[in-house]
Amino acid sequence: MTPREPRPARRPERGPQRRPRAVDRQARAIRLGPRSLAALALVSAVGVAGFGWPFLAPPTSTLNAHAQDAPWLFAGLLVLLVAVVAATISESGLGPKAVAMLGVLAATGAALRPIGAGTAGLEPMFFLMVLSGRVLGPGFGFVLGSITMFASALLTGGVGPWLPFQMLAMGWFTMTAGLLPGPDRLRGRTEVVMLAVYGFVAAFAYGTVMNMSGWPFMSALASNISFDPDASVPANLARFLAYCLATSLGWDLGRALLTLVLTLTLGVPVLKALRRATRRAAFEAPVTFDDATDVKHPT
């Protein structure tokens, strides 16, 4: 008998090797270019002047002499806002899929705004703006916030000299959500908590900023807390804080709490739905056309 040859030792079976997953770069429906950034900076500068002129103009300024005309003067912001939107869209090459996404989200936000708006400031549109700006980026966020506020004003009949201020404030609100850290890496509950905290603070800030746009023109209604053109900046600041506490604290708190609760409860599924729609839309993928020369025509 010949000795058997030893069998080769079996190599241990290995499970499927997982390659390190690359972090997907979030697509952006609108990329802010140089012209868009310049227009946005101009609008923001005029907006800061429009909101904060009572604290920026000295008591001897001629602007204080025309305090009742100021809302109409700063209503020219609407023209600049339209220019920002036009510059952003023309420079980014906004495609039909991005236009459709913009229209759907703006219509949804405009429809959500009247729900509960007459009760303690319960405006559910704010949480949708936060999540949309987070997923689709600051450029899309600014355009979405401005257009949503304009559409909701048409829907509710809220067109007036305050509308440009609302459009700008909502554009800032939604754009800043797209500037929060970790858009490509941060996921899960941590991201939702971050967005909820931002939504709470920003919803309060939105109400405070909008108070600044109307507070200087309430002198005939409440003399003790109204804007005084002859008073110093610290005195007017104290009056403004008293005005906010007396008139809008409950309204702003209701808006902020509702945004916080909706973001914590609905944030995860809404973020997933928005990111899934963004991936399928493939905003940044180049459009190609097949060569049709090989197509046979029936004889």
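The following paragraphs examine the structure supplied in this document. (Residues numbered from 1 in each chain as written. Predicted model: local features only at pLDDT ≥ 70, side-chain atom pairs only at ≥ 80, totals over all residues. Heavy atoms only, no water.)

Observations concerning the overall build of the protein chain
- Assigned secondary structure in the protein chain consists of 10 helices and 0 strands.
- Reading the protein chain from its N terminus to its C terminus gives the helix and strand order α-α-α-α-α-α-α-α-α-α.
- Across the 299 residues that make up the protein chain, the buried fraction comes to 43%.
- Partitioning the contacts of the protein chain with sequence separation of at least 6, the portion at a separation of at least 24 is 81%.
- If you sum the accessible surface of the protein chain, you get close to 16,900 Å²; carbon and sulfur atoms cover 65% of it. (Helix = DSSP H or I, 4+ residues; strand = E, 2+ residues; numbered from the N terminus. Buried < 20%, exposed > 50% of the residue type's maximum accessible area, 1.4 Å probe, protein only. Contact = heavy atoms within 4.5 Å. Areas by Shrake-Rupley, 256 points an atom, 1.4 Å probe, with all protein chains shown as cover.)

Remarks on the packing of helix α1 (residues 34–56) against helix α8 (residues 189–214)
- In the contact formed by α1 and α8, the axes pass within 8 Å of each other and the chain directions differ by 70 degrees. Looking at the two axes, α1 sits roughly perpendicular to α8. When the axes of α1 and α8 are compared, the crossing they make is left-handed. On α8, the residues that touch F51, G52 and F55 of α1 are V209, M210, M212 and S213.
- A class-by-class count of the residues in the contact of α1 with α8 yields 5 nonpolar, 2 polar and no charged. (Axes fitted to C-alpha atoms, helices over the stretch in contact; angles between N-to-C directions. Parallel < 35°, antiparallel > 145°, perpendicular 65-115°, else oblique. Left-handed = near helix turned anticlockwise from the far one by under 90°. Nonpolar A, V, L, I, M, F, W, Y, C, P; charged D, E, K, R; others polar.)

Things to note about helix α9 (residues 233–247)
- Between its terminal C-alpha atoms α9 stretches 21 Å, which fits the 21 Å expected from 15 residues at 1.5 Å a residue.
- Within α9, the full set of buried residues consists of N236, F240, Y243 and C244. Viewed along the axis of α9, the buried residues span an arc of 95 degrees, placing them on a single side of the element. With respect to the buried face of α9, the exposed residues turned more than 90 degrees away are P234, L245 and A246. (Expected span 1.5 Å × (residues − 1). Arc of directions from axis to C-beta.)

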